[in-house]
Every structure is written in structure tokens, then in C-alpha cells.
Amino acid sequence: MLQKMVKIQVVGPKKDLHNVLDLLYAKGTVHIEDASVPTTPGEISLKRMTAEQVGDIAVAHSKIGGILLTLPKIKYDEKAVTHTYSSLRAMNHENLLIRVNTVINELEVATKTLAKEKSELELALINLGRYEKIIDKIRPLETSMPKLEGFEVTVLLIQKEFKDVIEIIRNALTEITKRQFELLSAELDENTIAAVTIFNKRYSDQVHSYFFNQNVNEVRLPPEYLGKPFNEIFALIEERKAASTKEISRMNAELEKISSKWYTELSALHRILGERTEELSIFAKIGQTEYTFVLAGWIPKKSLKETRDALKDTFGGRVIVNELVLSPDEMAQAPTFYDNPSFVKPFEFLMRVVSPAKSTEFDPSPVMAIFLPIFFGIMVGDMGYGLIIIAFASIMKWKFSDRDWLQHLMNVLILGAIWAVFFGWLYGEIIGNLGEHMGWIEPKTLFGVTWNRLEAIVPFLILSIAIGAFHVILGLVLGIVNSYTEMSCMRHVDKAKKHICEKSGMIIVIIGLILVMAGLIMALPAALITTGAILVIIAIPLIFIGGGAFGTFEIMSTVTNILSYSRIMAIGIASVILAMVANKLGGMMEVALVGVIIAVLLHTLNLVLAMFSPFLHSLRLHLVEFDSKFYEGGGKMYKPFKKENGGKSV
């Protein structure tokens, strides 16, 4: 069902705005709308609040997050964080900002400096390890290298698959350096060759430019290593690595010390500032005068007193809540708030996906929650299939517990499968005719009919069409209820009266046609044929008044809608026939294992069809045949200003 909504204005002094938003955010009952738009003609327009008026909340949130990222994560007590969070949240906006800035001033520079220096040292360690590996590999070449002053040494790393480029590089260096170079190479690892080049420093720019342009991977030794023997360079690298590792350990210890002292408060501040940042998203919707703010929105009527009392208890008489008196057309703009029992929620989800109901019309979700599973159960009608579908849906719910849409769909399947088990008991079906063949179960007799689906085709067809007639008439009755609601709200009165005439006439036509058909097949006394004909004659003028000449054509459309319910019978019979074929083919095989495999494959196919086809056809009967008689949709969803899904506000 849909909850009645009322529109309110929350008015108070600007100094209390942030605390009011905190309270409303925690309550999560108000659907915020633009307060700067006048609600009545002639009302003074209010200026919108601007983001600049709220302080540097977003900047502070980013800075606190940055500090947290630089600090090592530690094990902390969630209760301590919650306690700190509650204490900080109790502060007013100004005091909270003062505390945040104090923490930032104390920690930001220190943590940034430590993190930067640590990062530089870690990069240096990586490079030192790279130099060490290269020098260790090319150290045997040292005896072949000339020891000349005024020469520069550089190392090239070349993939083995491109080893032929070494000769190309040699030729290029010959030309660039006028033969004043040496090029030696050795395997660095199974994939890489290290080539050491020694050349006259006069040609340094040209050589490095050539390497750069040819996209050669060049490793240039640091200046302090140049001109030194490789053994000495190796010792210097080891010494530098040890010093860097020691310095990194000292920095880690210092960061851990800061983290152990501040992590709890930083986590709480980050959470609060995140919420405040989300709250800023509605500032453009808040109106203001020189000294006051005005916040407008919709709230469920049942939540109005609780929210008003909370504001009064917190702010006394400084903040007031006005319930606005609206015209019927303005009330029609209220958001849609579904408030259904848990078993209706999956069907509410289906209706939201199709199109949310308008706030002034009947919510079809509860009716769908009753009839769709029954339709599904009538069509599947097999105890074995029903139990397998329940098991499958339960496993999917457990496996994908984080996917709400899948949870809803699996709940629909489970409810339908429960009815499939019931109707399977009525039809005497367990995996097709296997249960009856084994003597486990047999079709039940009800209302003088033995409900074996293959033998009771005509009663099954009559049942399907009777269900259709009842369902369509119920839809027309709900259409009358919707039109009466429009009239009582003084909206579109003439149009509503015509709809009532048309839908009343259509109900009378359906009843009249049922009496005529029942009299003709002698299911009811023949005298009722005349009664039915009189009802049809009476109904046609009502339909004409309500829908005009084209309204009379709706009679055939409505009859077609009712006959469409015969698919309940057709799909059910198709399912049981395929199940019996699977059993018979399996039983005909001389090799038992082959027979079992064939039967399992065919039953699996039938089971997949049983999960999808009956669901889709049941859904179609509701959306096309039933909902078309009263449902318009096109409403906007109620989205209260609150925290959802673990922290996301809407």
C-alpha cells in the first residue's frame, strides 16, 4: 500500500542549519525539494543557499582522508570509534570545524613529509637493487673496459629477442663518437642482455639523444658512482641500501606511533565529514532570507509527529515545522512511498521497475503478491519441480546475498514454487507422471472433477477463463476506486465520472456475457440467457457515455483480455506433456544409464522453461490484462534524505 504524504516547511535561524540537517539526516524521513520555488502564487521567492556558505567541509574531508591513507592501518576498537564519532557528532558545526582544522594543522605537514621522504627512499632502494643486479652481472667485463679519464659509462638493457640491435647501436656509436667508444655485452637474465658503453664525454648529448630517440632502455649510473671500480660501486650500493632501509624503518615507526594515537579520531572525523559532504548536495534546494533558512519537502503523515517532536526537543521553539495546505493538483505531485509487508516487497520491486505508482492511485503490488504466485503454481503444478525451484532459488539467495534485485526475483520464484508444490499435489504430479506411476500420489477430485491435467482439459480451460474474468473485473473495480479518489480530491471530476461509467458498464457486460454463455451450455438455467442479454443492453449506454463510440470497442478488447488467461491452461499442459515425454523416452532405453541421462536432460530443459515461461506469462497477465484496467504509473519515488546502503545518502 501507499502511505499518505504531506508537504512541510522547516524554518529556523541560519546558525542552526547544519545541526538541523544532521538531525533530519539521522531521522531519514523527509524527501527534500527545492524551497526557493514559491508554493503558492504571489509568494515571495527565496534565495538559494550556496555551497560557499557551508565552509570547507569537502576540503577538510579530503585532507583527513589523505592523512588516513598515509598512516599504516592498525587494529582498532570499533566501539571506541563509535564512541568518538558520537562525541564529535554532538558538537555544533563551528566547533566541529575548529577541531578538524586543529587535527589537520597538527598532522598534515608531518605525515605528508614522512610519506614523501619514505616514498623517495623506497624508490631509491628499487633503483639501487637494479644497479646492484646490473653491476653484479657486468663486473666480469671490467677487465676488458679501458680506464680512461674524460669518458662516460652507461648501461643499456636489451631484450634477447632484439639482440641484433646491438650491432646497429655499435655502428651508430662509431659514427657519432668518431670511433671513440667501447661496447661490451653480457646476459643479465634469461630474457635480458646488458650492454655497457664507454664513450668520450664530448659526445654525451648526441649519444643520449640517440638512445632516447631509438627508445632504448638506458640505465645511467648516479654521478657519485662514475669513474669508480665496480667492486667499490658494489660496496657503496650495499652501504646506501642499508642506510635507506634503516631510515625507512625509523619512518614506519614514527608513522605507526602517530597512527596509534590518532587513528580512532581520524576514522570518526572522516565518517562525519563524509556525511556532512553528502549533506551539502541538498544545499542548492534550501531557501534563505537574511537571517533564516527554509527547507521544504514531503514526509509520510505517520512520521510527521515524530520528526516535529525531535526538532522541538533539540531546538526548542527556534525551528518550526509547518504542514502546508495544498491543492489537489499539488497533492498529486507527492512522491510515492511504498509501505508493504515483507512478502509484498519483491512484487513492489517489479512494479517499481515497470513504473512506480502515482501517490493518488491504488498500489497493485499486494494484488500481484497474491495472484502472480498462484498463476505460476497452476502452470508449473509439479511437486518435484516446485521443490527443486525452491532449492535453486534458496541457493541463489545465499550465493548472491549482496544483490538486492536477485534476492527479490528469487523470492518471487520461491513463493510461486510453494504454490507449484500445492497444485502438484492436486494434479498428482511428481516429476511429471513419475509419482503416479510409482504409486506415490494420484490426482485429487475436487468439485466433481479429477484434476488430471491431460484428462481434465475442458475443466482446466474453464478454470483459467474464470480466473481471468475475476481478475479483470477486480482490475475494473480498482479503476472505479481510483476514479472515485480523483473525484473526492476534486481533481478531473468530469473525467473521473466518465471512467466510472465506462468501467461499471464493462463489469456489467462481462457478467451479462458470462450468464449468456453459461445458459447456452446449460451450466446455468436457460432463463438466465435473457437476464444476461438485458445486462449487456443496459451496459452499452454506460460504456458509450464513459468512453464514447470508441469505448464500445473496448468490449472486444476486454473479452480478449479474459480469453488471454487460457494461457494458464496451455502452458501447464505443455509442461506436463514434456515431463511425460522425458519419463517415457527414458524408460524406453535398453541401457538404464542412457535412459536416466536422457530423462534428466529433458527434465532439466522443462525445469528451466518452468522457471521462466510461467513467470513471464504471469507477469504479462498482470501488467497487460489486469493493470491496464486501472493503473497509470509514472509516479516519482520517495527518496528521503538519509543514509542508505552502509553510508550512501539520498
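The present account deals with the structure reproduced in this document. Being a predicted model, the structure only gives us computed values, none of them experimental. (Residues numbered from 1 in each chain as written. Predicted model: local features only at pLDDT ≥ 70, side-chain atom pairs only at ≥ 80, totals over all residues. Heavy atoms only, no water.)

With respect to the pairing of strand β9 (residues 292-300)
Here is step 1 of the chain: The buried count for β9 comes to eight of nine residues, which makes it a mostly enclosed element.
Here is step 2 of the chain: Alignment of strand β2 (residues 31-33) against β9, held across three bridges, turns out to be antiparallel. Paired with His31 across the two strands is Trp298, which belongs to β9.
Here is step 3 of the chain: Where strand β8 (residues 287-288) lies against β9, two bridges are found, and the strand directions are antiparallel. Residue pairing across strands places Gln288 opposite Phe293, the latter belonging to β9. (Buried < 20%, exposed > 50% of the residue type's maximum accessible area, 1.4 Å probe, protein only. Helix = DSSP H or I, 4+ residues; strand = E, 2+ residues; numbered from the N terminus. Pairing = 2+ DSSP bridges.)

With respect to helix α12 (residues 383-399)
Note on helix geometry: an α-helix contains 3.6 residues per turn, so any two residues three or four positions apart are oriented the same way.
Here is step 1 of the chain: Spanning 17 residues, α12 covers 24 Å between terminal C-alpha atoms, matching the ideal 24 Å at 1.5 Å per step.
Here is step 2 of the chain: Those residues of α12 not exposed but buried are Gly384, Tyr385, Gly386, Ile389 and Ala393.
Here is step 3 of the chain: Of the surrounding secondary structure, the elements contacted by the buried residues of α12 are α11 (365-380), α13 (404-427), α18 (567-588) and α19 (592-626).
Here is step 4 of the chain: Sitting at the amino-terminal end of α12 is Asp382, which places a side-chain oxygen 2.9 Å from the backbone nitrogen of Gly384. (Expected span 1.5 Å × (residues − 1). Contact = heavy atoms within 4.5 Å. Polar contact = N/O pair within 3.5 Å; in protein donor to acceptor, adjacent residues only side chain to side chain.)

Re α11
Here is step 1 of the chain: End to end, α11 covers 22 Å across 16 residues, agreeing with the expected 22 Å (1.5 Å per residue, within 8%).
Here is step 2 of the chain: The element α11 is extensively covered by neighbouring structure, given that 14 of its 16 residues are classed as buried.
Here is step 3 of the chain: Within two residues after α11, Gly381 carries a phi angle of roughly 50 degrees, on the positive side.

Thoughts on the packing of aromatic side chains
Here is step 1 of the chain: Scanning the entire structure with this criterion turns up 15 aromatic pairs.
Here is step 2 of the chain: Both rings, one in Phe422 and one in Trp425, keep their centres 5.9 Å apart while their planes meet at 35 degrees; by these two values the pair is tilted. Residue Phe422 and its partner Trp425 are both found in helix α13; the two are separated by three residues, about one turn of the helix.
Here is step 3 of the chain: Its relative accessible area of 39% is what places Phe422 among the partly exposed residues.
Here is step 4 of the chain: Judged by relative accessible area, which is 40%, Trp425 ranks as partly exposed.
Here is step 5 of the chain: Each residue in the set Trp419, Phe422, Phe423, Trp425, Tyr427 and Phe460 is aromatic and connected to the rest through ring pairs, giving one cluster. (Phe/Tyr/Trp six-rings, centres within 6.5 Å; stacked < 30°, edge-to-face > 60°.)

Re the nonpolar core
Here is step 1 of the chain: Membership of the largest hydrophobic core comes to 68 residues, with the highest contact counts inside it found for Leu350, Phe375 and Ile378.
Here is step 2 of the chain: Among the elements that make up this core, the one with the highest residue count is α11 (11 residues).
Here is step 3 of the chain: Not counting the four nearest positions on each side in its chain, Phe375 is found in contact with Ile467, His471, Tyr565, Ile568, Ser618, Leu621 and His622.
Here is step 4 of the chain: In terms of nonpolar packing, the next biggest core, distinct from the first, is built from 28 residues, Leu71, Leu97, Tyr263 and Ile272 among them. (Core = buried A, V, L, I, M, F, W, Y, C linked by side-chain atoms within 4.5 Å.)

A closer look at a nonpolar patch on the surface
Here is step 1 of the chain: A grouping of Leu454, Ile577, Val581, Leu585, Met588, Met589, Val591, Leu593, Val594, Ile597 and Leu601 is seen on the molecular surface, where their side chains present a nonpolar patch of about 930 Å² in accessible area.
Here is step 2 of the chain: For the nonpolar patch, the secondary-structure elements that each account for two or more residues are α18 and α19.
Here is step 3 of the chain: Structurally, Met588 can be placed in helix α18. (Patch = residues over 30% accessible without salt bridge, like charges linked within 9 Å, V, L, I, M, F, W, Y side chains within 5 Å. Areas by Shrake-Rupley, 256 points an atom, 1.4 Å probe, with all protein chains shown as cover. Salt bridge = Lys/Arg side-chain N within 4 Å of Asp/Glu carboxyl O.)

Structural notes on the layout of surface pockets
Here is step 1 of the chain: In this structure, the largest pocket encloses a volume near 600 Å³.
Here is step 2 of the chain: Around the largest pocket, the lining is made up of 17 residues, and of these Ile465, Leu513, Ile514, Met517 and Ala518 lie nearest the centre.
Here is step 3 of the chain: When residues of the lining of the largest pocket are traced back to their parent elements, those giving at least two are α15 (457-488), α16 (493-520) and α17 (527-563).
Here is step 4 of the chain: With six residues, α15 is the largest single contributor of residues to the lining of the largest pocket.
Here is step 5 of the chain: Grouping the amino acids of the lining of the largest pocket by side-chain chemistry returns 17 nonpolar, no polar and no charged. (1 Å grid on protein atoms, 1.4 Å probe; cavity = no way out; pocket = protein on both sides within 12 Å on 5 of 7 lines; lining within 4 Å. Points joined across faces, edges and corners; volume = space filled by probe spheres on them. Nonpolar A, V, L, I, M, F, W, Y, C, P; charged D, E, K, R; others polar.)

Let's talk about the packing of α12 against α19
Here is step 1 of the chain: At a minimum axis separation of 11 Å, α12 and α19 run at an interaxial angle of 70 degrees. One element, α12, and the other, α19, form an angle in the roughly perpendicular class. Contact residues: Tyr385, Ile388, Ile389 and Phe392 in α12; His603, Asn606, Leu607, Ala610 and Met611 in α19.
Here is step 2 of the chain: Here the residues of the contact of α12 with α19 sort into seven nonpolar, two polar and no charged. (Axes fitted to C-alpha atoms, helices over the stretch in contact; angles between N-to-C directions. Parallel < 35°, antiparallel > 145°, perpendicular 65-115°, else oblique.)

Examining the pattern of salt bridges
Here is step 1 of the chain: Tallied over the full model, the rule gives 18 salt bridges.
Here is step 2 of the chain: A salt bridge links Lys301 to Glu323, with the shortest nitrogen-to-oxygen separation between them at 3.8 Å. Remark: Glu323 occurs in strand β10 (residues 320-323) and Lys301 occurs in helix α8 (residues 301-315); sequence separation between them is 22 residues.
Here is step 3 of the chain: Of the charged contacts in the structure, one is a salt bridge between Glu348 and Arg352, with a shortest N-O distance of 2.9 Å. You can see Glu348 and its partner Arg352 sitting in helix α10 (residues 345-354), four residues apart, about one turn around the helix.
Here is step 4 of the chain: Each member of the salt-bridge network shares a partner with another, and the members are Lys7, Glu33 and Lys636.

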